[in-house]
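Secondary and tertiary structure notes
Each chain is listed here by its residues.
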Amino acid sequence: MLNSGLGMVATIFAINIVYVSFLTMRTILTLKGQRYLAAITGTIEIAIYVIGLGLVLDNLGQIQNVIAYALGFGVGIIVGMKIEEYLALGYITVNAITTKLEDDIPNKLRDVGYGVTHYLAHGRQGERLVMQVLTSRKSERKLYQAIEELDPKAFVISYEPRTFQGGFWVRKIRR
């Protein structure tokens, strides 16, 4: 298969997709503090990289191999990001701000399984209810939908927390 031009191009393309998918996942794992899993992923990643790069360097006179390498790199980034979205590693904190003070939105979110910390705040146009919700990234879309159903006009911001200390979530995460 590697003797034919098309076979070489397809092999280089596929190897680079796999390599860059591993690269993307390793980077994400590193950022999330999963050092041992990142190290294992990096070991596999570099082995695939050396094989793919070796094929390109051995056949550098063939421009289609370089193009396949570059295209595989780009597609690999997309594939790696899709894998990470599917795995949805980690947690997010969602801040939702609403003007609906009387609707008891925090308890409605608690009733469907979310932990909510809430407080009154003052915005430019009066009082607001601010809710902080910590949830797994796998539950992120469901939380957005729940907030949308309770207040379609709520202002929502989310971010990924780096550390956890205290509270009932810490016990749940460590389990």
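Computed from a predicted structure; not experimentally measured.

1. Remarks on the overall build of the protein
Within the protein, the secondary structure is distributed over six helices and four strands. N-terminal to C-terminal, the α/β element order of the protein is α-α-α-β-α-β-β-α-β-α. In terms of C-alpha radius of gyration, the protein reaches 23 Å, well past the compact-globule figure of 16 Å for 175 residues. Expressed as lengths along the three principal axes of its C-alpha atoms, the size of the protein is roughly 70 × 35 × 25 Å. Expressed as a percentage of its 175 residues, the buried residues of the protein come to 34%. Taken as a whole, the protein presents about 11400 Å² of accessible surface, with 60% of it coming from carbon and sulfur. The positive charge centre, built from 19 side chains, and the negative charge centre, built from 14, are 6 Å apart in the protein.

2. Brief notes about the pairing of strand β2 (residues 115-123)
With nine bridges joining them, β2 and strand β3 (residues 126-136) adopt antiparallel strand pairing. Each bridged residue has a counterpart across the sheet, and for T117 the counterpart in β3 is Q132.

3. A short note on the side chain of T24
Topologically, T24 is positioned in helix α1 (residues 5-31). We classify T24 as buried; its relative accessible area is 13%. Once residues lying within four places of it in the same chain are set aside, the contact partners of T24 are G76, I77, G80 and M81.

4. Details of the sheet that holds β3
One open sheet holds the four strands; their spatial order is β2-β3-β1-β4, and the pairing between them is antiparallel. Only two strands of the sheet have a single neighbouring strand rather than two, namely β2 and β4 (155-159). Neighbour to neighbour, the strand axes of the sheet diverge by 20° on average, direction disregarded. Contacting β1 (91-98), β3 and β4, helix α5 (residues 140-150) crosses the sheet at an angle of about 10° to β1.

5. Some thoughts on the nonpolar core
If you look at the biggest cluster of nonpolar residues, it comprises 14 residues, and the most contacted ones within it are L109, Y114, V116, M131, V133, L143 and I147. Discounting residues that sit within four places of it in the chain, V116 has contacts with P106, L109, R110, M131, Q132 and V133.

6. Some points on the packing of aromatic side chains
For the structure shown, the criterion picks out one aromatic pair. Both rings, one in Y19 and one in Y49, keep their centres 4.9 Å apart while their planes meet at 45°; by these two values the pair is tilted. Of the two residues, Y19 is situated in helix α1 and Y49 in helix α2 (residues 35-58); the sequence distance between them amounts to 30 residues. Note on Y19: relative accessible area 9%, which makes it buried. According to the relative accessible area criterion, Y49 is partly exposed, its value standing at 27%.

What counts and what doesn't
Residues numbered from 1 in each chain as written. Predicted model: local features only at pLDDT ≥ 70, side-chain atom pairs only at ≥ 80, totals over all residues. Heavy atoms only, no water. Helix = DSSP H or I, 4+ residues; strand = E, 2+ residues; numbered from the N terminus. Rg over C-alpha atoms; globule rule 2.2 N^0.38 Å. Buried < 20%, exposed > 50% of the residue type's maximum accessible area, 1.4 Å probe, protein only. Areas by Shrake-Rupley, 256 points an atom, 1.4 Å probe, with all protein chains shown as cover. Lys, Arg positive; Asp, Glu negative; His and termini not counted. Charge placed at Lys NZ, Arg CZ, Asp CG, Glu CD. Pairing = 2+ DSSP bridges. Contact = heavy atoms within 4.5 Å. Axes fitted to C-alpha atoms, helices over the stretch in contact; angles between N-to-C directions. Core = buried A, V, L, I, M, F, W, Y, C linked by side-chain atoms within 4.5 Å. Phe/Tyr/Trp six-rings, centres within 6.5 Å; stacked < 30°, edge-to-face > 60°.

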